[in-house]
Amino acid sequence: MPPTIKDDIGLPPGELFIGGAWVAADGVREILDPATGAAVASVAQAGPAETQLALAAARRAFDDGSWSGLAPRERGRILLRAAEILRGQAEELARLESLDTGKPIMFTRMVDVATTIDQIDYYGALAAGIEGSVRRTGRPTFAYTRREPIGVVAAITPFNFPLILSSIKIAPALAAGNTVIHKPAEETPLTALRIAEVLHEAGVPDGVFNVLPGDGSVGETLVRDPRVDKIAFTGSTAVGRGIAAAAAETLKHVTVELGGKSANIMFADADLEAAINTAISGFVFNTGQFCMAGSRLLVQRPVYDEVVAALAGAIGHVPVGDPFDEGTVIGPMAGPRHLAKVRAFLDKAGQGGAKVYGGGPVHDGPGFWAAPTVLADVSQDSTFVQDEIFGPVLTVQPFDTEDEAVALANGTQYGLAAGLQTTDIARAHRVAERLRAGIVWVNGWALLDAALPFGGVNQSGYGREGGPEGLDEYLQTKSVLISVA
Ligand code: NAD
């Protein structure tokens, strides 16, 4: 057989990274290629002994000051070096992420790897600006503040954007002087191990960065252990709630980036062709496994029928297929667990009078495939509108007035992202102000930048990642007062 693109992927060691060294474990998990279901790698799974080892290593590395005591710009330099090394490995990293998750190679290059490098660059540069300030007080003192790291950070990440969602935690945490234990999702640990190699090569001292592949019980141990000072979690709302409650026992700092059910409002005055393309990419991107997916489309009544017809006609033409084909837009779902959840929703898709478009079988063969599906005329209280499906499924609802659109958009427990498509600039500002979400896009979807914070309101969580706000989440302030009387 001729060599394929997959033969060029160098797999990282399938071991845990603890205290600057690769560590084997008794438990092993087979990592599956989502396109075929075949095992492509074996990765050691942390058990209680390895978790204790990592906790001790991260605590020791924080307390000895080898990292937290460095000048912030020196830490920044090491992060910038890591970004440079990753830039040199970008193509290989993109292939590894595609193999692990099933994401189309076009997007792992353009989005996952590019964003990851950008985030590490951004916080590498921002580190130099970590400084306190001199304060004028009402007493005879010389007073100033210091911005200090929090301590040991446990970064717990989900399966859907392994690289981006770990680097948006690891880069600011390290820039701020913390030490980190990263617990990647059980299904998609491969690029986390590669990041460990790169940070080590860039000069991050032993014990400052550790990776513990494993299941939720590893995360649970980290959340409860008093040696951990901060939890940075991205994942489901249900698990996030449990983490916030458990972390309260030891009063840890917590940020939780959780689920979403984001509304995209299409006004009749929008540039319809562009708005329909935005609506499609907003729900099929990453096969719908996207916390900020535009999974609810609200369309103003005069153009409702036209938009539904256009969506129904277009979704069958979005290229679904092998993630390693350059033209593929929709790959498989990341694993059987996620596919089963989407199928369970689609099995009841016709209930309640919804019109169902698309959703047929993609492949007869192996792998974890789901076709894009549009559900029109759904009611606001249906499970399809209220619950996160986390697959390529779009609900469409009509509205008449701006007030009605805002009420529908804000009418779920979530509040992660929202969007509006309109050519009326005054309306854009007016509606953006009223949408309860951490980020609002006007005439576009999923536009993100390392310089801008994102995060949720309501049951989508709290805390911000990205921008200077994302660095603040890993710092605490100390005041120093020197008596001059
Ligand atoms: P999940 O909550 O099942 O798992 C996330 C991580 O938590 C995994 O590493 C898992 O092993 C770990 N975990 C599980 N139980 C735990 C416990 N009791 N204590 C500590 N850790 C535990 O989420 P998932 O299915 O991997 O990811 C999908 C979810 O993530 C969706 O709800 C999606 O919206 C959300 N998400 C949110 C954002 C955001 O920025 N808000 C981004 C991406 C994904």
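Residues numbered from 1 in each chain as written. Predicted model: local features only at pLDDT ≥ 70, side-chain atom pairs only at ≥ 80, totals over all residues. Heavy atoms only, no water.

Colleague: Explain the packing of aromatic side chains here, please?
Modeller: Two numbers describe a pair of aromatic rings. These are the distance of the centres and the angle of the planes. Here the structure, examined in full by the defined rule, presents 11 aromatic pairs. Taken together, a centroid distance of 4.9 Å and an interplanar angle of 65° make the contact between F17 and W22 edge-to-face. Ring-pair connections join several aromatic residues into one group, and the members of that group are F107, F161, F285 and F290. In this arrangement the basic side chain of K103 is found over the ring face of F161, its NZ or CZ atom lying 3.6 Å from the centre. Geometry around Y474 places K230 over its ring, the cationic atom sitting 4.6 Å from the centre. (Phe/Tyr/Trp six-rings, centres within 6.5 Å; stacked < 30°, edge-to-face > 60°. Lys NZ or Arg CZ within 6 Å of the ring centre and 35° of its normal.)

Colleague: Explain the sheet that holds strand β13 (residues 296-300) here, please?
Modeller: Pairing between the strands of a sheet is mediated by backbone hydrogen bonds and can be parallel or antiparallel. Read across the open sheet, the seven strands follow the order β14-β15-β16-β13-β12-β17-β18; overall the sheet is mixed. Looking along the sheet, the strands with just one partner apiece sit at the ends: β14 (355-358) and β18 (439-442). The sheet shows a mean angle of 20° between the axes of neighbouring strands, direction not considered. Note that β14 and strand β15 (residues 373-376) share four bridges and pair antiparallel. Looking across to β15, one finds that V356 is bridged to L375. Each of β12 (263-266), β13, β15, β16 (393-399) and β17 (417-421) is contacted by helix α9 (residues 272-284), which is oriented at about 170° to β12, the strand it contacts most. (Pairing = 2+ DSSP bridges. Helix = DSSP H or I, 4+ residues; strand = E, 2+ residues; numbered from the N terminus. Axes fitted to C-alpha atoms, helices over the stretch in contact; angles between N-to-C directions. Contact = heavy atoms within 4.5 Å.)

Colleague: Just checking my understanding: could you explain the UniProt feature "active site" (unreviewed entry) in the protein for this structure?
Modeller: Annotation from UniProt places "active site" (unreviewed entry) at E257. Inspection of the secondary structure puts E257 in strand β11 (residues 253-257). Its relative accessible area of 4% is what places E257 among the buried residues. With near-sequence residues (within four places) excluded, E257 lies in contact with F233, T234, G235, F454, G455, G456, S460, G463, R464 and E465. (UniProt positions renumbered as here; feature names shortened; annotations may be inferred. Buried < 20%, exposed > 50% of the residue type's maximum accessible area, 1.4 Å probe, protein only.)

Colleague: Could you clarify how one ought to interpret the packing of helix α3 (residues 90-101) against helix α4 (residues 105-126) in this entry?
Modeller: Between two packed helices, both the angle of their axes relative to each other and the distance between the axes serve to describe the pair. It is the contact of α3 with α4, at a shortest axis distance of 9 Å, that shows an interaxial angle of 115°. Read as a crossing pair, α3 and α4 show a hand that is right-handed. Packed against α3, whose contacting residues are A90, E91, L93, A94, R95, E97 and S98, the element α4 presents I105, T108, R109, D112, V113 and I117 at the interface. (Left-handed = near helix turned anticlockwise from the far one by under 90°.)

Colleague: Please clarify how the nonpolar core should be interpreted in this entry.
Modeller: Within soluble globular proteins, side chains that are nonpolar generally end up buried alongside one another. Within the largest apolar cluster, 52 residues are counted, with the highest numbers of intra-cluster contacts made by L174, V180, L199 and F209. When residues of this core are traced back to their parent elements, those giving at least two are β4 (39-45), α2 (72-88), α3, α4, β7 (152-156), α5 (162-175), α6 (190-202) and β9 (209-211). The biggest single contributor to this core is α6, with eight residues. Aside from chain neighbours lying at most four places away, what touches F209 is F17, I170, V180, H182, I195, A196, L199 and V204. Grouped together as the second largest cluster of nonpolar side chains are 39 residues, C291, V303, V374 and A376 included. (Core = buried A, V, L, I, M, F, W, Y, C linked by side-chain atoms within 4.5 Å.)

Colleague: Is there a simple way to explain the pattern of salt bridges in this structure?
Modeller: One pass over the full model with this rule turns up 25 salt bridges. Two residues, K183 and E186, come together in a salt bridge whose shortest N-O distance is 3.6 Å. On the accessibility criterion, K183 (2% relative accessible area) is buried. Notably, a salt bridge pairs E402 with R430, separated by 2.8 Å at the nearest N-O pair. In this pair, E402 sits in helix α13 (residues 402-409) while R430 sits in helix α14 (residues 425-434), placing the two residues 28 residues apart along the sequence. When its relative accessible area of 39% is taken as the criterion, R430 is described as partly exposed. (Salt bridge = Lys/Arg side-chain N within 4 Å of Asp/Glu carboxyl O.)

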